[in-house]
Amino acid sequence: MVGVSEHPPTAPSPVPTPSDVLTAAVETARAAAVEVAGAAEEVGEHLGTAREAVPDQGVLGEVLTHTFAAALPGYTGWHWAVTLAHVPGDEHVTVDEVVLLPGDSALLAPAWVPWHERIRPGDLSVGDVLPVTEDDPRLVPAYLADDDAAADPAGMVVAQEIGIGRERVLSLEGRRGALARFRGGEYGPGSAMARHAPGTCGDCAFLMPLAGSVRLELGVCANEYAPADGHVVTTDHGCGAHSEANLVAVDTTEIQLTPLYNTDTYDQL
Ligand code: SF4
């Protein structure tokens with residue numbers, strides 16, 4: 001007689017794939033995060049998993065990252081990322097790395113800015129040293145053909161003869177930048193003083209022109225009564241102390257054609 005089993009035959013359980021093993025290893029990942037954090041309460045809820053790309057998965061196995069919320073003071077929006085690997089033929093998973101990463105809402109420090117890009121005009125104070133960089137676009141070697149000395153051959157010869165020379169000079173970009181700043185500043189053509197001036201610096205006797213390629217556009221005001229005295233001015237700036245600003249003489253002598261009688265006092269007769 002054939003016996004009848006009380007339980008219907010069950011299908012054999014599927015062999016777990018490496019992916020299943022990695023996905024199920026939440027507690028292994030959590031333990032690794034806790035070990036790095038130093039306290040269990042600093043590792044929060046499990047947020048999910050992400051598969052990492054592996055070039056030769058058949059040989060190197062699979063790699064998966066578990067993510068946990070970070071419960072660290074001051075790290076709002078950060079999360080723990082624990083990367084696990086499953087090597088073919090190994091029944092255990094391996095912890096690759098544990099890192100604390102910022103999420104989209106994390107508060108981050110601003111990006112690093114080199115010191116020479118952080119300095120702003122006006123930051124330099126007494127005793128500070130501000131070295132220029134080798135690739136400063138405002139400067140070029142003095143032997144380049146487009147510098148001021150080259151534009152002024154006579155001056156260059158004199159400088160060479162008496163041993164005065166500069167290793168670098170303003171580049172075209174440096175000169176253009178300076179000119180733009182000066183034109184847009186207090187002693188440029190757009191200032192209120194210039195707009196109400198009787199003439200421009202370009203035809204004022206108090207202008208001392210600058211040498212070099214900017215001689216037609218810039219000079220120094222040498223009028224002690226002018227607000228720009230001692231400053232570089234553009235030739236289209238101007239002020240009320242212009243050398244040709246003459247007052248129109250008005251003769252204030254009043255010619256009285258009819259007799260006047262003084263009614264306040266009188267003479268005793
Ligand atoms: S006195 Fe006035 S107009 Fe003359 S150079 Fe100086 S700023 Fe220009």
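What you see is a predicted model; the values in this text were computed from it and never measured.

1. A word on the overall build of the protein
Assigned secondary structure in the protein consists of 8 helices and 9 strands. Going through the 269 residues of the protein one by one, you find that 26% of them count as buried. Considering only residue pairs separated by 6 or more positions, the protein has 53% of its internal contacts joining residues 24 or more positions apart. On the protein, roughly 19600 Å² of surface is accessible, and the fraction owed to carbon and sulfur atoms is 58%.

2. Considering the sheet that holds strand β3 (residues 78-86)
The strand order β1-β2-β3-β4 describes an open sheet built from 4 strands, whose pairing is antiparallel. Of all the strands in the sheet, the pair left with one neighbour each is β1 (43-52) and β4 (94-102). Along the sheet, successive strands turn relative to each other by an average axial angle of 20°, direction set aside. Bridging between β1 and strand β2 (residues 62-70) involves 7 bridges; their strand directions are antiparallel. Paired with Gly48 across the strands is Thr67, a residue of β2. Helix α2 (residues 26-37) rests against β1, β2, β3 and β4 of the sheet, and its axis sits at about 120° to β1.

3. Considering the sheet that holds strand β9 (residues 232-234)
Spatially, the 3 strands line up as an open sheet ordered β7-β8-β9, and their pairing is antiparallel. Pairing within the sheet leaves two strands with one partner each, and these edge strands are β7 (207-209) and β9. Along the sheet, successive strands turn relative to each other by an average axial angle of 45°, direction set aside. In this sheet, β9 lies alongside strand β8 (residues 218-221) in antiparallel orientation, the contact comprising 3 bridges. Pairing of Gly219 across the sheet is with Val233, part of β9.

4. Quick look at the confidence of the model for the protein
Across the protein, the average pLDDT comes to 83, with 76% of residues at 70 or higher. Low pLDDT, under 50, characterises residues 1-5; the stretch is placed with 0 contacts to residues that sit more than four places away or in other chains.

5. Focus: the pairing of β3
Of all 9 residues making up β3, 9 are buried, and the element is well covered by its neighbours. Both faces of β3 are covered, namely the face carrying Trp78, Trp80, Val82, Leu84 and His86 and the face carrying His79, Ala81, Thr83 and Ala85. Looking at chain direction, β2 and β3 are connected through 8 bridges and run antiparallel. Its bridge partner being in β3, Thr65 is matched across the sheet by Thr83. The pairing of β3 with β4 spans 8 bridges and is antiparallel. Looking at the pairing, Thr83 lines up with Glu97 of β4.

6. Section: the side chain of Thr65
Secondary-structure assignment places Thr65 in strand β2. Reaching out from Thr65, the side chain makes a polar contact with the side chain of Thr83 at a distance of 2.9 Å. Residues within four places of Thr65 in sequence aside, it is in contact with Gly48, Thr49, Ala50, Glu52, Ala81, Val82 and Thr83.

7. Description of the site of the ligand
In the vicinity of the ligand, the contacting residues are Cys201, Cys204, Leu207, Cys221, Asn223, Ala226, His237, Gly238, Cys239, Ala241 and His242. Grouping the constituent residues of the shell around the ligand by class yields 7 nonpolar, 4 polar and no charged.

8. Thoughts on the nonpolar core
Judged by nonpolar contacts, the single largest core of 19 residues is most densely connected at Ala33, Val43, Phe68, Trp80, Val82, Leu84 and Val98. Elements represented by at least two residues in this core include exactly α2, β2 and β3. Grouped together as the second largest cluster of nonpolar side chains are 8 residues, Leu207, Cys221, Ala226 and Val233 included.

9. Some details on a nonpolar patch on the surface
A cluster of nonpolar residues, Trp115, Ile119, Leu124 and Leu130, forms a patch on the protein surface that exposes about 360 Å² of accessible area. Secondary-structure assignment places Ile119 in the loop between α4 (115-118) and β5 (139-141).

10. As for α2
In this model, α2 (12 residues) spans 16 Å end to end at C-alpha, consistent with the 16 Å of a helix rising 1.5 Å per residue. Buried within α2 are the following residues: Val26, Ala29, Ala32, Ala33 and Ala37. Seen along its axis, α2 keeps its buried residues to an arc of 135°; they face one direction. Opposite the buried face of α2, at more than 90 degrees from it, the exposed residues are Glu27 and Glu35. Directly after α2, the chain includes Gly38, whose backbone phi takes a positive value near 95°.

How each quantity is defined
Residues numbered from 1 in each chain as written. Predicted model: local features only at pLDDT ≥ 70, side-chain atom pairs only at ≥ 80, totals over all residues. Heavy atoms only, no water. Helix = DSSP H or I, 4+ residues; strand = E, 2+ residues; numbered from the N terminus. Buried < 20%, exposed > 50% of the residue type's maximum accessible area, 1.4 Å probe, protein only. Contact = heavy atoms within 4.5 Å. Areas by Shrake-Rupley, 256 points an atom, 1.4 Å probe, with all protein chains shown as cover. Pairing = 2+ DSSP bridges. Axes fitted to C-alpha atoms, helices over the stretch in contact; angles between N-to-C directions. pLDDT = per-residue confidence, 0-100. Polar contact = N/O pair within 3.5 Å; in protein donor to acceptor, adjacent residues only side chain to side chain. Near = heavy atom within 4 Å. Nonpolar A, V, L, I, M, F, W, Y, C, P; charged D, E, K, R; others polar. Core = buried A, V, L, I, M, F, W, Y, C linked by side-chain atoms within 4.5 Å. Patch = residues over 30% accessible without salt bridge, like charges linked within 9 Å, V, L, I, M, F, W, Y side chains within 5 Å. Salt bridge = Lys/Arg side-chain N within 4 Å of Asp/Glu carboxyl O. Expected span 1.5 Å × (residues − 1). Arc of directions from axis to C-beta.

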